[in-house]
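This is what each chain is made of:
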Amino acid sequence: MKYESKRFVLADEAITEDVGGGVLRQIMGFNESLMLVRAQFSEGAIGYTHAHPHSQLAYVESGVFEFTIGDETRTLKTGDCAYVPPDVEHGATCKEAGVLLDIFNPVREDFLEG
């Protein structure tokens with residue numbers, strides 16, 4: 001396989017990347033067809049509107065987020081989830097500091113190259 005993470009990725013050992021604007025990112029595991037990313041947001045941090053060819057699930061581990069997917073906006077809290085189809089514009093604003101677990105298919109190669 002071209003892309004594959006270690007078999008076990010421990011949160012306190014995973015590289016934490018400051019992607020700016022109050023967002024920290026950890027890549028928790030991946031192969032060519034799947035990736036799990038943990039993103040920690042401070043209150044007020046914005047995941048700016050963007051689109052990509054990957055399918056995405058965003059699970060709210062903690063906090064409160066205002067999500068926009070396409071032309072629909074919803075407020076999600078701990079335990080909620082959002083599905084983002086490929087190539088659909090989406091973004092989020094953190095209303096209460098929290099953590100998102102993002103699952104992508106296929107792997108986000110751009111995250112590994114950065």
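Residues numbered from 1 in each chain as written. Predicted model: local features only at pLDDT ≥ 70, side-chain atom pairs only at ≥ 80, totals over all residues. Heavy atoms only, no water.

Undergrad: It is not clear to me how the pairing of strand β2 (residues 23–31) should be interpreted in this structure. Could you clarify?
TA: Look at any regular strand and the pattern is simple: side chains alternate between the two faces of the sheet. Here strand β1 (residues 16–20) runs beside β2; their pairing, made up of four bridges, is antiparallel. The residue of β2 that forms the bridge with Asp 18 is Leu 24. Connecting β1 to the next strand, β2, in antiparallel fashion are two residues, including Gly 21 with a positive phi near 65 degrees. As paired elements, β2 and strand β3 (residues 34–41) share eight bridges and run antiparallel to each other. Within β3, the residue paired with Val 23 across the bridge is Phe 41. Connecting the antiparallel pair β2 and β3 is a turn made up of two residues. (Pairing = 2+ DSSP bridges. Helix = DSSP H or I, 4+ residues; strand = E, 2+ residues; numbered from the N terminus.)

Undergrad: Help me understand the packing of aromatic side chains, please; the structure alone is not making it clear to me.
TA: For the coordinates displayed, the defined rule picks out three aromatic pairs. Seen from their ring centres, Phe 41 and Phe 65 are 5.2 Å apart, and the 85 degrees between their planes marks the pair as edge-to-face. In this pair, Phe 41 sits in strand β3 while Phe 65 sits in strand β5 (residues 55–69), placing the two residues 24 residues apart along the sequence. A relative accessible area of 8% places Phe 41 in the buried class. The class of Phe 65 is buried, set by a relative accessible area of 0%. Ring geometry for Phe 65 versus Phe 67: centroids 6.3 Å apart, planes at 55 degrees, classification tilted. (Phe/Tyr/Trp six-rings, centres within 6.5 Å; stacked < 30°, edge-to-face > 60°. Buried < 20%, exposed > 50% of the residue type's maximum accessible area, 1.4 Å probe, protein only.)

Undergrad: Would you mind showing me how to read a nonpolar patch on the surface here?
TA: Taken together, the side chains of Leu 34, Leu 57, Tyr 83 and Ile 103 define a hydrophobic patch exposed on the protein surface, amounting to about 350 Å² of accessible area. Inspection of the secondary structure assignment puts Leu 34 in strand β3. In this structure Leu 34 comes out as partly exposed when scored by relative accessible area, which is 46%. (Patch = residues over 30% accessible without salt bridge, like charges linked within 9 Å, V, L, I, M, F, W, Y side chains within 5 Å. Areas by Shrake-Rupley, 256 points an atom, 1.4 Å probe, with all protein chains shown as cover. Salt bridge = Lys/Arg side-chain N within 4 Å of Asp/Glu carboxyl O.)

Undergrad: Is there a simple way to explain the pattern of salt bridges in this structure?
TA: For side chains bearing opposite charge, pairing can occur when the charged atoms are close. Scanning all chains against the criterion turns up five salt bridges. A salt bridge links Glu 61 to Arg 38, with the shortest nitrogen-to-oxygen separation between them at 3.2 Å. Taken as a pair, Glu 61 in strand β5 and Arg 38 in strand β3 lie far apart in primary sequence, 23 residues in all. A residue is classified by how much of its surface remains accessible, and Glu 61, at 31% relative accessible area, is partly exposed. Looking at Arg 38, the relative accessible area reads 22%, which means it is partly exposed.

Undergrad: Would you explain the state of the cysteines in this entry?
TA: Disulfide: a covalent bond connecting the sulfur atoms of a pair of cysteines. For the structure on display, the rule yields zero disulfides. This cysteine, Cys 81, is not joined by any disulfide, and Cys 94 carries the nearest cysteine sulfur, 16 Å off. (Disulfide = S-S within 2.5 Å.)

Undergrad: Please clarify how the pairing of strand β8 (residues 90–105) should be interpreted in this entry.
TA: Two elements, β3 and β8, share seven bridges in a ladder whose sense is antiparallel. In the strand pairing of β8, Phe 41 is matched with Gly 98. The pairing of β5 with β8 spans 13 bridges and is antiparallel. If you follow Val 64 over to β8, its bridge partner there is Glu 96.

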